[in-house]
Amino acid sequence: QVQLVESGGGSVQVGDSLTLSCEGSGRSFRDYAMGWVRQAPGKGREFVAATNWNSQTTHYADSVKGRFTVSRDKTNYTVYLEMNSLKSEDAAVYYCVADSLTDYTAAPHREYYYWGQGTQVTVSS
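Just so it is clear, the structure is predicted and the values come from calculations on it, not from any experiment.

Participant: Help me get a handle on the nonpolar core, residues and values and all.
Facilitator: The biggest cluster of nonpolar side chains holds 38 residues, and the ones touching the most others in it are Trp-36, Leu-81, Met-83 and Tyr-94. The set of elements that each furnish at least two residues to this core consists of strand 3 (18-25), strand 4 (32-39), strand 5 (45-51), strand 7 (68-72), strand 8 (78-83), strand 9 (92-100) and strand 11 (119-124).

Next comes the structure, spelled out in structure tokens:
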């Protein structure tokens, strides 16, 4: 059974930093993109970032470029999202996602196959 389990969410203030982690299990993710999608209250899901197995290929939403960094660990089973200079509009439930992906420019539009349960990020001013 494939599972993606997120951790690291919490409550922070505007300008703070937070790092999310997601550990995958149940299959090899080496050939899979892993990343993050978020959903704020009352809004649709929004792609955040994705990376390939060795973090050499990445794609970010314009809203987080320069502030967020997505990376994978050497085992390829864990993906991280380092979030800096957090804004109130970053508050959302963050979901870890995974799927096969060859063209990372398509990452924002992908209907990801595997999803985690989500972790809440709250940003207060």
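Participant: Can you break down the packing of aromatic side chains residue by residue, with the values?
Facilitator: Tallied over the full model, the rule gives six aromatic pairs. On the basis of an interplanar angle of 85° and a centroid distance of 6.2 Å, the ring pair of Phe-29 and Tyr-32 is categorised as edge-to-face. Neither residue differs from the other here; Phe-29 and Tyr-32 are each classed as buried. Aromatic pair Tyr-95 and Trp-115: ring centres 5.8 Å apart, planes at 70°, arrangement edge-to-face. In this pair, Tyr-95 sits in strand 9 while Trp-115 sits in strand 10 (residues 114-115), placing the two residues 20 residues apart along the sequence.

Participant: Explain the state of the cysteines to me, and be specific about the residues and the numbers.
Facilitator: Evaluation of the coordinates by the stated rule reveals one disulfide. Sulfur-sulfur distance for the disulfide between Cys-22 and Cys-96 comes to 2.1 Å. Between Cys-22 and Cys-96, the S-S torsion sits near -80°, and that sign places the bridge as left-handed. Here Cys-22, found in strand 3, pairs with Cys-96, found in strand 9; they are 74 residues apart in sequence, far enough to count as distant. Like Cys-22, the residue Cys-96 is buried in the burial classification.

Participant: I'd like a rundown of the pattern of salt bridges, residues and numbers included.
Facilitator: Going through the model one piece at a time under the given rule, you end up with five salt bridges. A salt bridge links Asp-99 to Arg-110; the nearest nitrogen and oxygen atoms lie 3.3 Å apart. Here Arg-110 lies in the loop between strand 9 and strand 10 and Asp-99 lies in strand 9, a separation of eleven residues in the sequence. On the basis of relative accessible area, Asp-99 is assigned to the buried category, the value being 8%. Connected via shared salt-bridge partners are Arg-38, Glu-46, Arg-67 and Asp-90.

Participant: Run through the pairing of strand 5, naming residues and quoting values.
Facilitator: Here strand 5 lies mainly inside the structure; five of its seven residues are buried. Summarising the sheet, strand 4 and strand 5 pair through six bridges and their orientation is antiparallel. Residue pairing in the sheet places Arg-38 in a bridge with Glu-46 of strand 5. Following strand 4, the chain reverses through five residues before pairing antiparallel with strand 5; Gly-42 in that reversal takes a positive phi of roughly 75°. Between strand 5 and strand 6 (residues 58-60), which pair antiparallel and follow one another directly, the connecting turn spans six residues, one of which, Ser-55, has a positive phi of 65°.

Cut-off values and rules
- Residues numbered from 1 in each chain as written.
- Predicted model: local features only at pLDDT ≥ 70, side-chain atom pairs only at ≥ 80, totals over all residues.
- Heavy atoms only, no water.
- Core = buried A, V, L, I, M, F, W, Y, C linked by side-chain atoms within 4.5 Å.
- Buried < 20%, exposed > 50% of the residue type's maximum accessible area, 1.4 Å probe, protein only.
- Helix = DSSP H or I, 4+ residues; strand = E, 2+ residues; numbered from the N terminus.
- Phe/Tyr/Trp six-rings, centres within 6.5 Å; stacked < 30°, edge-to-face > 60°.
- Disulfide = S-S within 2.5 Å.
- Salt bridge = Lys/Arg side-chain N within 4 Å of Asp/Glu carboxyl O.
- Pairing = 2+ DSSP bridges.

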